[in-house]
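The lines below spell out each chain.
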Amino acid sequence: GAEIVLVSEEFHPLYSRVLLTPYLIGKVSRERVFIKKERWYSEKNIEWIPGVSVTELNATHQFVALSNGRELPFDNVLIATGGNARVLSEDLRGVSYLRTLDDADHLAQLMQEQGSKATGVIFGGGFIACEYLNIFAHFSIQTTIAFRGSYFWSKVLQPELGNFINTHLTNQGVLVVPEAAFIKTLGEKECTGLETSKGIISCSILGVGIGLELEDAWMKRAGLKMNAGIDCDEYLQTTLPNVFVAGDVAHVFDVHSEKHVTVGNWMNAHMQGLVAAKNMAGEKTVFSLVSSYAINVLGMETIFIGNVAREHADEVHVVGSGQKDGIGQLHTNQGRMIGAVLLNRNTDRPKLTKMIQEKALLDITEFS
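Given the structure is predicted, the values throughout are model-derived calculations rather than measurements.

**A few points about the side chain of T238**
Alright, step 1. Tracing the backbone shows T238 in the loop between β17 (230–232) and β18 (243–245).
Alright, step 2. Overall, T238 belongs to the buried group, its relative accessible area being 7%.
Alright, step 3. In terms of polar contacts, T238 uses its side chain to reach the backbone carbonyl oxygen of V243, at 2.8 Å.
Alright, step 4. Not counting residues up to four positions away in its chain, the partners in contact with T238 are L224, I230, D231, C232, V243, F244 and V245.

Now the structure itself:
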């Protein structure tokens, strides 16, 4: 059988990032966040090297060098590093991120220490900001959210959808501060607030969700082709022989929209891992999942389906009025469905997923 070595920067066995919020609000125990126990690796004959990172990948001589000085030879290598949370320059107590289990433990500790005195500010306008909204609301922490764009997902959403979200958040008692550029965090040792181009917002906990960055120095040195991730084809193979990618780090050729996309969600990463493994074992398999991601934000169901990169759509159609029937935007290229965003319109999800899968032509009257 194959010999598998797993190099991981974290010290924890595999856990679900999706369960971090349910853990923080007490819906699942910390133990339930783990998908594997430590002994699973040895039972499966996998050498697991925790707390170590890769410093070099040499595709010509087929080895990787590790931060602990070891060099490992390989026949095939899979890069599934995801990204690191983009961080602010000052690291004050009270500044929080939410990517790892350690981050979640840190946030739990802050909220416990501060109790009913806690006030929250969120900086960011994406999925992590949504998680913070739900966590702060659960603990009745008074919340202000600030972001650089005019609304959430400002690179993707049409104004109608963006404004729909802003209104929803305001109605839920959140103070929304759009078009706020970050200037600095305030406080000596402990965070007392945030200064933005829209003024000073005081808080005792600052939740930061400003995206991911790739640890790309060794990737570039290895000769990998980099864009919004590592370029790869529909088999998840990079431009280097025997080097495959999966997850948030993969800039993959999407067979449905026929464009390269990076998709940062759990289902996508999981399925890419399975397909990459098949290809590494010599079983040619195309990655063809129409990825989707849903999150409920303070009672508003938000769903992203397929390829929603604005530059890949030649038309974006807004459907629904936002009141009773929710609102959505459907992305087409040459009339064919390639992606969609739905707000309180989850009933359309299966139909749109199927249309993207089949490259179906959009008849807008079906969604009025």
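**Side note on the side chain of T185**
Alright, step 1. Residue position: T185 is located in strand β12 (residues 182–186).
Alright, step 2. Of note is the side chain of T185, whose polar atom sits 3.0 Å from the side chain of E90.
Alright, step 3. Those residues in contact with T185 that sit more than four places away from it in its chain are L88, E90, L92, V95, G193, L194 and L206.

**Considerations on the sheet that holds strand β5 (residues 71–73)**
In a beta sheet, neighbouring strands pair by backbone hydrogen bonds and run either parallel or antiparallel.
Alright, step 1. Spatial ordering of the open sheet is given by β3-β4-β5, a layout of 3 strands whose pairing is antiparallel. With partners counted over all chains shown, the strands left at the sheet margins are β3 (54–58) and β5, one partner each. The mean angle between the axes of side-by-side strands here comes to 20°, regardless of whether they run parallel or antiparallel.
Alright, step 2. Bridge analysis of β3 against strand β4 (residues 63–66) gives 4 bridges, and the strand direction is antiparallel. Looking across to β4, one finds that V54 is bridged to L66.

What counts, and at which threshold
Residues numbered from 1 in each chain as written. Predicted model: local features only at pLDDT ≥ 70, side-chain atom pairs only at ≥ 80, totals over all residues. Heavy atoms only, no water. Helix = DSSP H or I, 4+ residues; strand = E, 2+ residues; numbered from the N terminus. Buried < 20%, exposed > 50% of the residue type's maximum accessible area, 1.4 Å probe, protein only. Polar contact = N/O pair within 3.5 Å; in protein donor to acceptor, adjacent residues only side chain to side chain. Contact = heavy atoms within 4.5 Å. Pairing = 2+ DSSP bridges. Axes fitted to C-alpha atoms, helices over the stretch in contact; angles between N-to-C directions.

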